[in-house]
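What follows is the residue order along each chain.
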Amino acid sequence: MINARIVGRNLHIHLDGIEEDFIITPLGGRDGQALTDEFLRISIGDLPAAGMDPLLQRAVGAEVYERVQSELSLNESQDILLPAFYWQTVLGMHGVNAYITGGEGLTGAKKALELLALTLGILPTQTAPSGVLETLILSQAPTLPTARPTTTRDRLPANKRQAPKKPKSTKPPVSQP
């Protein structure tokens, strides 16, 4: 379990079982924006996923990153790196809180990502979604056929279809005098 708080200008993340807090210093605004943009490009596949490690290192700083890599398990390290990353974005502490209250780990990361998408205005529920999000959705979603059969006859293979029968007349026969 993790706890996070702001002390001065820094984010202090405490991981249960580890005595010393992880102290993250804030990036300048342009660096935080660049970090966010690069993360979104990795998310949609414009940049290789291998770019996440350097991105996370920039978010926490080289010293903290080295400490995380040498002292913590993979799951523990994600509980330091991901909230620190979200803190460096436009979300600030809201991103950290979304990560923690979302259940930490992957579920917490998903909650924080949803909050980031909402904050940046790139959710698919908007009437004019961002081109970046559209690309992501299209790359992840299977392509469905555009025309679907609408009747039982249309669903049959071509060799099994019969021409439609003419409807019988419902008028009674006219009697001749």
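Reference entry: report on the structure contained in this document. (Residues numbered from 1 in each chain as written. Predicted model: local features only at pLDDT ≥ 70, side-chain atom pairs only at ≥ 80, totals over all residues. Heavy atoms only, no water.)

1. Details of the overall build of the protein
Then comes step 1: Check the secondary structure of the protein and you find 8 helices and 3 strands.
Then comes step 2: In sequence order, the protein lays out its α and β elements as β-β-β-α-α-α-α-α-α-α-α.
Then comes step 3: Counting contacts in the protein only where the partners sit at least 6 residues apart, residues at least 24 apart contribute 49% of the total.
Then comes step 4: For the protein, the accessible surface area stands at approximately 12100 Å², while carbon and sulfur atoms represent 56% of it. (Helix = DSSP H or I, 4+ residues; strand = E, 2+ residues; numbered from the N terminus. Contact = heavy atoms within 4.5 Å. Areas by Shrake-Rupley, 256 points an atom, 1.4 Å probe, with all protein chains shown as cover.)

2. Comments concerning the nonpolar core
Then comes step 1: Judged by nonpolar contacts, the single largest core of 36 residues is most densely connected at Ile24, Phe39 and Phe85.
Then comes step 2: Residue assignment for this core shows that the elements contributing at least two residues are strand S2 (10–15), strand S3 (22–24), helix H1 (29–43), helix H2 (52–60), helix H3 (62–71), helix H4 (74–88), helix H5 (93–101) and helix H6 (105–120).
Then comes step 3: Counting residues per element, this core draws most heavily on H4, which supplies 7 residues. (Core = buried A, V, L, I, M, F, W, Y, C linked by side-chain atoms within 4.5 Å. Buried < 20%, exposed > 50% of the residue type's maximum accessible area, 1.4 Å probe, protein only.)

3. Looking at the packing of H3 against H4
Then comes step 1: Relative to each other, H3 and H4 sit at 160°, their axes nearing to 8 Å. With respect to their mutual orientation, H3 and H4 come out roughly antiparallel. Read as a crossing pair, H3 and H4 show a hand that is right-handed. Residues Tyr65, Val68 and Gln69 of H3 touch H4, and the partners they reach there are Ser77, Ile80 and Leu81. (Axes fitted to C-alpha atoms, helices over the stretch in contact; angles between N-to-C directions. Parallel < 35°, antiparallel > 145°, perpendicular 65-115°, else oblique. Left-handed = near helix turned anticlockwise from the far one by under 90°.)

4. Some thoughts on the side chain of serine 77
Then comes step 1: With respect to the secondary-structure elements, serine 77 resides in helix H4.
Then comes step 2: What serine 77 contacts, discounting residues up to four positions off in sequence, is Val68 and Leu72.

5. Quick look at the pairing of strand S1 (residues 2–7)
Then comes step 1: Pairing of S1 with S2, which is carried by 6 bridges, proceeds in the antiparallel orientation. Counted as the bridge partner of isoleucine 2 is leucine 15 from S2.
Then comes step 2: Hairpin remark: S1 followed by S2, antiparallel, with 2 residues in the connecting loop; positive phi at glycine 8, about 65°. (Pairing = 2+ DSSP bridges.)

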